[in-house]
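Residues per chain, in single letters:
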Amino acid sequence: DVVTYNASMDACARGQQWQRSLTLFDEMFHSILYPTIISYNTAISACENGPWTLVVALLQDLRQQGLKARADTYSAAMAACSKAQQNDLALQLLSKVPRRSPSRQLLVAYNTALNACAKGHYWMQSLQLLEEMSTDGPDVVSLSPDVVSL
């Protein structure tokens, strides 16, 4: 079932086997199963150890499948892009995060974007993001040494 596939994909991704994770994702399309948003999130997270271009393809594909990306979807995509030094793309993805997402998911998205700013040495964008953050404000991760050192 889909839950088993998702768990297997996640285990592969955590074990640095992103190719196997994406193979499992692809197998779902060739079976009677339909990937869920969780399946896409897991596949996108697996790309953190693989080619960032697959992240863009997965985001497009999920829309074509009629699914809506969530804040955690974009956070996973931003993390994968940032790890591949595609920090500009990671910051562009933040603008797509639904603003009505749960506050914890929004905080994770902003923290992921702040991490991309730190890696790209974008101190002005870091300040803007810290200012934009909701009334909940930044947390310990937001104010990590990498971000603060900008």
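Here the structure is shown first, and the text comes after it.
Below you will find a few notes about this structure.

Rules used throughout
- Residues numbered from 1 in each chain as written.
- Predicted model: local features only at pLDDT ≥ 70, side-chain atom pairs only at ≥ 80, totals over all residues.
- Heavy atoms only, no water.
- Salt bridge = Lys/Arg side-chain N within 4 Å of Asp/Glu carboxyl O.
- Helix = DSSP H or I, 4+ residues; strand = E, 2+ residues; numbered from the N terminus.
- Buried < 20%, exposed > 50% of the residue type's maximum accessible area, 1.4 Å probe, protein only.
- Core = buried A, V, L, I, M, F, W, Y, C linked by side-chain atoms within 4.5 Å.
- Axes fitted to C-alpha atoms, helices over the stretch in contact; angles between N-to-C directions.
- Parallel < 35°, antiparallel > 145°, perpendicular 65-115°, else oblique.
- Left-handed = near helix turned anticlockwise from the far one by under 90°.
- Contact = heavy atoms within 4.5 Å.
- Phe/Tyr/Trp six-rings, centres within 6.5 Å; stacked < 30°, edge-to-face > 60°.

**Re the pattern of salt bridges**
For side chains bearing opposite charge, pairing can occur when the charged atoms are close.
Part 1 of the argument: Throughout the structure, instances matching the rule amount to three salt bridges.
Part 2 of the argument: The salt bridge partner of Asp10 is Arg14, with a shortest N-O separation of 2.8 Å. Taken together, the residues Asp10 and Arg14, both in helix α1 (residues 2-14) and four residues apart, mark about one turn of the helix.
Part 3 of the argument: What makes Asp10 partly exposed here is its relative accessible area of 29%.
Part 4 of the argument: Given the relative accessible area of 66%, Arg14 is considered exposed.

**Structural notes on the nonpolar core**
Soluble globular proteins: nonpolar side chains tend toward being buried together.
Part 1 of the argument: One finds Ile44, Val55, Leu58, Leu59, Leu94 and Leu129 to be the most contacted residues of the largest nonpolar core, which totals 43 residues.
Part 2 of the argument: For this core, the secondary-structure elements that each account for two or more residues are α1, α2 (18-29), α3 (37-46), α4 (53-64), α5 (71-83), α6 (87-94) and α7 (103-120).
Part 3 of the argument: Considering every element that reaches this core, the biggest residue donor is α7, with eight residues.

**Remarks on the packing of α5 against α7**
Part 1 of the argument: One can describe the packing of α5 onto α7 by two numbers: an axis separation of 9 Å at closest approach and a directional angle of 15°. Classified by the angle their axes make, α5 and α7 are roughly parallel. Relative to α7, the crossing made by α5 is left-handed. Note on element contacts: α7 touches α5 through Gln105, Val108, Ala109, Thr112, Ala113, Asn115, Ala116 and Lys119, opposite Ala71, Asp72, Ser75, Met78, Ala79, Ser82 and Lys83.

**Considering the packing of aromatic side chains**
Part 1 of the argument: Taken as a whole and judged by the stated rule, the model has two aromatic pairs.
Part 2 of the argument: Ring centres 4.9 Å apart and planes at 75° place the aromatic pair Phe25 and Tyr40 in the edge-to-face group. Separated by 15 residues along the polypeptide, Phe25 in helix α2 and Tyr40 in helix α3 bring together distant segments of the chain. Residue Phe25 shares its accessibility class with Tyr40, and that shared class is buried.
Part 3 of the argument: Ring pairs connect the aromatic residues Phe25, Phe29 and Tyr40, which therefore count as one cluster.

**Focus on the environment of Ala71**
Part 1 of the argument: Within the secondary structure, Ala71 is located in helix α5.
Part 2 of the argument: In this structure, the C-alpha to C-alpha distance between Ala71 and Arg100, residues 29 residues apart in sequence, is 9.1 Å.
Part 3 of the argument: When sequence neighbours within four positions are dropped, the list of residues in contact with Ala71 reads Val97, Pro98, Ser101 and Gln105.

**Points about the packing of α2 against α4**
Part 1 of the argument: α4 packs onto α2 with a crossing angle of 20° between their chain directions and a minimal axis gap of 14 Å. In this view, α2 runs roughly parallel relative to α4, as classed from their interaxial angle. The interaxial crossing formed by α2 with α4 has left-handed handedness. In contact with Trp18, Leu22, Phe25 and Phe29 of α2, α4 contributes Leu54, Leu58 and Asp61.

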